[in-house]
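Listed below, chain by chain, are the residues.
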Amino acid sequence: MSEKIYLDYAATTPVDPRVLDMMLPYFTQDFGNPSSVHRYGQKAEAALDEARATVARILNCKPSEIVFTSCGTESNNLAIRGAALDAREQRGANQILTTRVEHTAVTKTVEQLEKYYGFQVKWLDIDETGMVLPKTVAAAIDEKTALISVMYANNEIGTLNPVSEIAKICGAKNVLFHTDALQATGYFPMEVESLGIDLMSLGCHKFYGPKGVGVLYVREGTQLISHQTGGGQEDGLRAGTQNIPYIVGFAEALRLTDMEREARVSHLRPLRDRIIGTVLKEVPDAQLTGHPVERLPNHASFAFKGVDGNTLTQLLDAAGFACSSGSACKTGNPEPSGVMTAIGLKPDWGLGSLRVTLGAHSTSMQVDSFLAALPDIVDRTRNLTRDTLSGTSKRG
Ligand SMILES: *Cc1c(COP(=O)(O)O)cnc(C)c1O
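The structure displayed is predicted, hence computed values, not measured ones.

Participant: Kindly report on the overall build of the chain, identifying the contributing residues and their values.
Facilitator: When helices and strands are tallied, the chain shows 13 helices and 12 strands. The C-alpha atoms of the chain give 22 Å as radius of gyration, which agrees with the globular expectation for 396 residues (21 Å, within 12%). Structurally, the chain occupies a C-alpha span of about 70 × 50 × 40 Å along its principal axes. Across the 396 residues that make up the chain, the buried fraction comes to 56%. Taking the contacts inside the chain whose residues are at least 6 apart along the sequence as the reference set, 74% of them involve residues at least 24 apart. Carbon and sulfur atoms form 52% of the exposed surface of the chain, whose accessible area is close to 17100 Å². Side chains of the chain give 39 positive and 45 negative charges; the mean places of these two sets differ by 3 Å.

This is the structure in structure tokens:
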């Protein structure tokens with residue numbers, strides 16, 4: 001195979017060289033600790049302040065509402081655990097509302113709060129596209145609700161949620177609303193005022209910045225109990241010396257994303273639509289997963305009947321195409337992903353999920369060669385899957 005084609009931008013993206021250039025001086029030259037009083041510290045603090053101001057400008061909030069964290073997962077943990085513990089202390093609320101299609105950074109966090117901290121989790125119904133309807137939230141919310149966490153856009157199936165409508169319902173009931181916006185940041189408006197959100201998680205490696213740095217937006221007046229104790233950094237919410245080069249990289253990656261968002265969307269949407277249209281036409285027993293319209297512009301996801309998704313992604317990789325089945329964290333797990341089960345796919349469909357996600361370096365020619373190769377690879381996988389299944393049943 002001559003060329004390797006990356007079609008997994010929802011898993012991660014390469015660092016934009018312009019972002020890397022901004023980061024580099026802060027490793028070696030301007031390496032100070034922003035908490036130090038001397039001029040090394042002042043220089044680092046100035047970089048931190050500037051990065052915070054840039055992020056705040058783009059989210060249309062105050063710099064004091066931005067908390068830098070070590071990743072999107074940590075932002076979700078801080079938001080959910082921090083808000084739940086505080087809501088219980090302040091008003092005895094002990095119920096968390098969320099969905100089965102959230103990233104594990106959310107589902108595992110609420111499951112831990114349920115198992116070890118005595119919270120009650122109410123799993124909100126979703127429709128067959130993986131969307132949470134506002135009326136479902138309105139029916140479930142009550143005075144026991146500590147917070148609601150519903151993702152902006154789904155990483156596995158691309159579906160967008162009506163987050164600003166959900167935010168209105170939460171606001172009217174005075175319940176905090178958190179959204180995991182990791183996938184949405186690259187493609188959708190992020191102004192927290194118009195979205196009406198209280199807590200929002202961002203992660204830099206989904207939009208051409210480095211891995212290992214995130215942001216939690218915390219609306220002014222929102223109380224959180226910090227889950228990492230130590231120094232007073234980040235307004236006491238996230239102890240530990242700030243990672244200045246990565247934070248500088250975060251701000252620059254977000255700035256570029258904000259500037260180039262429309263161009264990225266108009267480049268990717270037609271490519272995505274070509275993938276969806278061609279796959280549904282040319283691969284037998286295929287269906288689109290997630291919403292046909294309300295979805296990420298770079299995201300195509302499918303289920304194929306009688307196909308093992310892991311085998312499929314391995315054969316695709318051998319042919320030069322990097323895609324994923326379910327979420328990257330679940331590779332090697334023979335169960336259908338929780339998301340596939342939650343949207344109601346039967347196991348003979350749910351195991352055969354394929355996610356194809358495009359990004360800045362995707363070209364029309366790459367899409368053509370993928371689409372030319374896929375039908376045959378699905379066919380081969382289907383035969384292999386059938387052989388494995390009948391082999392198992394013969395052996396008893
Ligand atoms: C990638 C991702 C995460 C995890 O972010 P990390 O920065 O890798 O910890 C959480 N939620 C969603 C929706 C994601 O896509």
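Participant: Kindly report on the sheet that holds strand β9 (residues 286–288), identifying the contributing residues and their values.
Facilitator: Pairing within the open sheet is antiparallel, and its three strands lie in the order β9-β10-β12. With partners counted over all chains shown, the strands left at the sheet margins are β9 and β12 (353–357), one partner each. Strand-to-strand twist of the sheet, defined as the mean angle between neighbouring strand axes without regard to direction, takes the value 25°. Here strand β10 (residues 299–304) runs beside β12; their pairing, made up of five bridges, is antiparallel. Each bridged residue has a counterpart across the sheet, and for F302 the counterpart in β12 is L354.

Participant: Can you break down the pattern of salt bridges residue by residue, with the values?
Facilitator: Inspection of the entire model under this criterion finds 16 salt bridges. Between R274 and D368 there is a salt bridge; the shortest N-O distance is 2.4 Å. Here D368 lies in helix α13 (residues 364–395) and R274 lies in helix α9 (residues 244–282), a separation of 94 residues in the sequence. Note that R380 is salt-bridged to D376, the shortest N-O span being 3.9 Å.

Participant: Outline the domain arrangement of the chain, supporting the account with residue identities and numerical values.
Facilitator: Taken domain by domain, the chain holds domain 1 (5–11 + 261–395) and domain 2 (17–257). The C-alpha centroid of domain 2 is placed 29 Å from the C-alpha centroid of domain 1. Contacts between the two partners involve 32 residues from domain 1, matched on the other side by 30 residues from domain 2. Taken together, domain 1 and domain 2 are joined by zero salt bridges. At the junction of domain 1 with domain 2, the criterion picks out 16 residue pairs in polar contact (both at pLDDT 80 or more). Elements with a minimum of two residues in the side of domain 1 that touches domain 2: α9, β10 and α11 (338–342).

Participant: Any details on the site of the ligand? Residues and values, ideally.
Facilitator: In the region of the ligand, the neighbouring residues are C71, G72, T73, N76, H103, M151, N155, D180, L182, Q183, H205 and K206. Between the ligand and G72 there is a distance of 2.9 Å, counted from an oxygen atom to a backbone nitrogen or oxygen. H205 is positioned such that a nitrogen or oxygen atom in its side chain is 2.9 Å from an oxygen atom of the ligand. The greatest single-element share of the shell around the ligand, amounting to three residues, is contributed by helix α4 (residues 72–91). Across the shell around the ligand, the residue classes tally to three nonpolar, seven polar and two charged.

Participant: How would you explain the packing of helix α3 (residues 39–59) against α9 if you had to name every residue and give the values?
Facilitator: Direction vectors running N to C along α3 and α9 enclose 30°, while the axes themselves pass 9 Å from each other. In terms of axis orientation, α3 runs roughly parallel to α9. Relative to α9, α3 is oriented so that their crossing is left-handed. Listed contacts from α9 to A44, A47, L48, A51, T54, V55, R57 and I58 of α3 are I244, I247, V248, F250, A251, L254, R255 and D258.

Cut-offs and rules
Residues numbered from 1 in each chain as written. Predicted model: local features only at pLDDT ≥ 70, side-chain atom pairs only at ≥ 80, totals over all residues. Heavy atoms only, no water. Helix = DSSP H or I, 4+ residues; strand = E, 2+ residues; numbered from the N terminus. Rg over C-alpha atoms; globule rule 2.2 N^0.38 Å. Buried < 20%, exposed > 50% of the residue type's maximum accessible area, 1.4 Å probe, protein only. Contact = heavy atoms within 4.5 Å. Areas by Shrake-Rupley, 256 points an atom, 1.4 Å probe, with all protein chains shown as cover. Lys, Arg positive; Asp, Glu negative; His and termini not counted. Charge placed at Lys NZ, Arg CZ, Asp CG, Glu CD. Pairing = 2+ DSSP bridges. Axes fitted to C-alpha atoms, helices over the stretch in contact; angles between N-to-C directions. Salt bridge = Lys/Arg side-chain N within 4 Å of Asp/Glu carboxyl O. Domains from an automatic or database assignment. Polar contact = N/O pair within 3.5 Å; in protein donor to acceptor, adjacent residues only side chain to side chain. Near = heavy atom within 4 Å. Nonpolar A, V, L, I, M, F, W, Y, C, P; charged D, E, K, R; others polar. Parallel < 35°, antiparallel > 145°, perpendicular 65-115°, else oblique. Left-handed = near helix turned anticlockwise from the far one by under 90°.

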